[in-house]
Amino acid sequence: MTAALRVTLLGTGPSQGVPAVGGPDGTGLWGECDPGEPRNRRMRTSALVQSADGRALLVDAGPDVRVQLMGARVTRLDGLLITHAHADHVAGLDELRAVNRSMGAVLPLYASAATLEELRARFGYAFLAPTGFFYRPVLDGQVVAPGRSVTLGGFHGELLDMDHGSMRSLGLRIGRFAYTTDVIRMPPDSLARLHGLDTWVVSCMQPGDQNPVHAGLDQVLAWQREIRPRRTVLTHLGDRMDYARISARLPEGVELGFDGLTLEVPG
């Protein structure tokens, strides 16, 4: 079966990463995660969507994006989707000047009106017109909205409205693939739009219960039982989501993601 999309999970961690800075000897705070398991080492959540004809869409650009793009050997992008304006999803925007230089072109950035307004306030220099050499990022901000079809860097899909507790975030569906990070409550219309998936990537901060802005495992599994994708991959994993221990309790068809995991999604 030929893959219609290749999706790489560049980062699968929470806002502070795993491990977080600290610890008695300065080697990091691992929470309940085993430091000896490489899949427990998590950068901030981001994903790369690639098509068979070479198009590439980056979803979010957190503080680890430089290392993430180098690890994936990315030298060009057709677009960047920002799901919401929290720092762990946007703090790496300045690093994208290297992508501008590599391409010799402006990079389209897609975001909701509220998110784009905040990005312009925090990274105003990145939205100025190009002046020749890309000594700073140059982004073409384009407003997108959930509930309608969109084209993002040549990818045709739709955006989903999601409740992130303190703000709204955007989910993405392209064909039989969907990516929904940073959500605590899924509006009924958005959940309905997730039926018929092959592969679903969804955030899951912690086992069992929920924290104030992220769904926990019980809620995510309830959604999974309703929409029944072939494969569900969990991301935005906190330090209570030890890879081996949590994997052992997951039902068939549900798995923990890890940094660098590549998913082949059929058409």
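Residues numbered from 1 in each chain as written. Predicted model: local features only at pLDDT ≥ 70, side-chain atom pairs only at ≥ 80, totals over all residues. Heavy atoms only, no water.

Draft legend 1. Here's a closer look at the packing of aromatic side chains. Per the counting criterion, the structure on display carries one aromatic pair. Ring geometry for Y243 and F258: centres 6.2 Å apart, planes at 75°, overall edge-to-face. Placement of the pair is Y243 in helix α7 (residues 243–247) and F258 in the loop between β13 (254–256) and β14 (262–266), with a sequence separation of 15 residues. Here R55 stacks its cationic end above the ring of F155, 4.8 Å away from the centre of that ring. (Phe/Tyr/Trp six-rings, centres within 6.5 Å; stacked < 30°, edge-to-face > 60°. Helix = DSSP H or I, 4+ residues; strand = E, 2+ residues; numbered from the N terminus. Lys NZ or Arg CZ within 6 Å of the ring centre and 35° of its normal.)

Draft legend 2. Local environment of the nonpolar core. Within the largest apolar cluster, 25 residues are counted, with the highest numbers of intra-cluster contacts made by M186, L194, W200, W223, L234 and L256. Excluding residues that lie within four positions of it along the chain, L256 makes contacts with R42, V233, L234, L237, M241, D242, Y243, I246, S247 and L250. (Core = buried A, V, L, I, M, F, W, Y, C linked by side-chain atoms within 4.5 Å. Buried < 20%, exposed > 50% of the residue type's maximum accessible area, 1.4 Å probe, protein only. Contact = heavy atoms within 4.5 Å.)

Draft legend 3. Spatial organisation of the pattern of salt bridges. For the structure on display, the rule yields 17 salt bridges. A salt bridge links R6 to E264, with the nearest nitrogen and oxygen atoms 2.8 Å apart. Remark: E264 occurs in strand β14 and R6 occurs in strand β1 (residues 3–11); sequence separation between them is 258 residues. A salt bridge links D163 to R168, with the shortest nitrogen-to-oxygen separation between them at 3.8 Å. Here R168 falls in the partly exposed class, since its relative accessible area comes to 43%. (Salt bridge = Lys/Arg side-chain N within 4 Å of Asp/Glu carboxyl O.)

Draft legend 4. A look at the sheet that holds strand β7 (residues 149–152). What the seven strands build is an open sheet, ordered β7-β8-β9-β10-β11-β12-β13; its pairing is mixed. If you trace the sheet from one side to the other, it starts and ends with β7 and β13, each paired once. This sheet shows a mean twist of 25° between the axes of neighbouring strands, independent of strand direction. Both strand β9 (residues 168–174) and strand β10 (residues 177–180) contribute to a ladder of three bridges, which runs antiparallel. (Pairing = 2+ DSSP bridges. Axes fitted to C-alpha atoms, helices over the stretch in contact; angles between N-to-C directions.)

Draft legend 5. Local environment of the side chain of D242. Here D242 is to be found in the loop between β12 (231–235) and α7. Of the side chains with opposite charge, R245 comes closest to the buried, unpaired D242, at an N-O distance of 4.6 Å. Within the structure, D242 has its side chain in polar contact with the backbone nitrogen of A244 (distance 3.4 Å). (Lys, Arg positive; Asp, Glu negative; His and termini not counted. Polar contact = N/O pair within 3.5 Å; in protein donor to acceptor, adjacent residues only side chain to side chain.)

Draft legend 6. Examining the environment of T12 more closely. Within the fold, T12 resides in the loop between β1 and β2 (46–51). Take T12: its relative accessible area is 0%, and that puts it in the buried class. Taking C-alpha positions, T12 is 9.2 Å from L256, a pair spaced 244 residues apart along the chain. Beyond its immediate chain neighbours, meaning those up to four positions away, T12 contacts R42, M43, R44, T45, T235, H236, L237, G257, F258 and D259.

Draft legend 7. Molecular detail of the environment of L250. If you trace the backbone, L250 turns up in the loop between α7 and β13. Counting along the chain gives 33 residues from L250 to L217, while the straight-line C-alpha distance between them is 9.3 Å. When near neighbours in sequence (up to four residues on either side) are disregarded, L250 contacts L217, L234, E255 and L256.

Draft legend 8. Spotlight on unusual backbone geometry. V18 connects to P19 through a cis peptide bond whose omega is 0°. For P19, the location among the structural elements is in the loop between β1 and β2. In the Ramachandran plot, R73 falls in the positive-phi region, its phi being about 55° despite a non-glycine side chain. Residue position: R73 is located in the loop between α1 (65–71) and β4 (79–81). Of note in this structure, R228 is not a glycine but carries a positive phi near 55°.

Draft legend 9. Region of interest: the pairing of strand β8 (residues 155–163). Burial within β8 is extensive, with seven of its nine residues counted as buried. Of the strand pairs in this sheet, β7 and β8 are connected by four bridges, and their pairing is antiparallel. Bridging from a neighbouring strand, V150 pairs with G157 of β8. The hairpin turn running from β7 into β8, its antiparallel successor, is two residues long, and G153 in that turn takes a positive phi close to 60°. Of the strand pairs in this sheet, β8 and β9 are connected by six bridges, and their pairing is antiparallel. Among the inter-strand pairings, L160 is bridged to a residue of β9, identified as G171.

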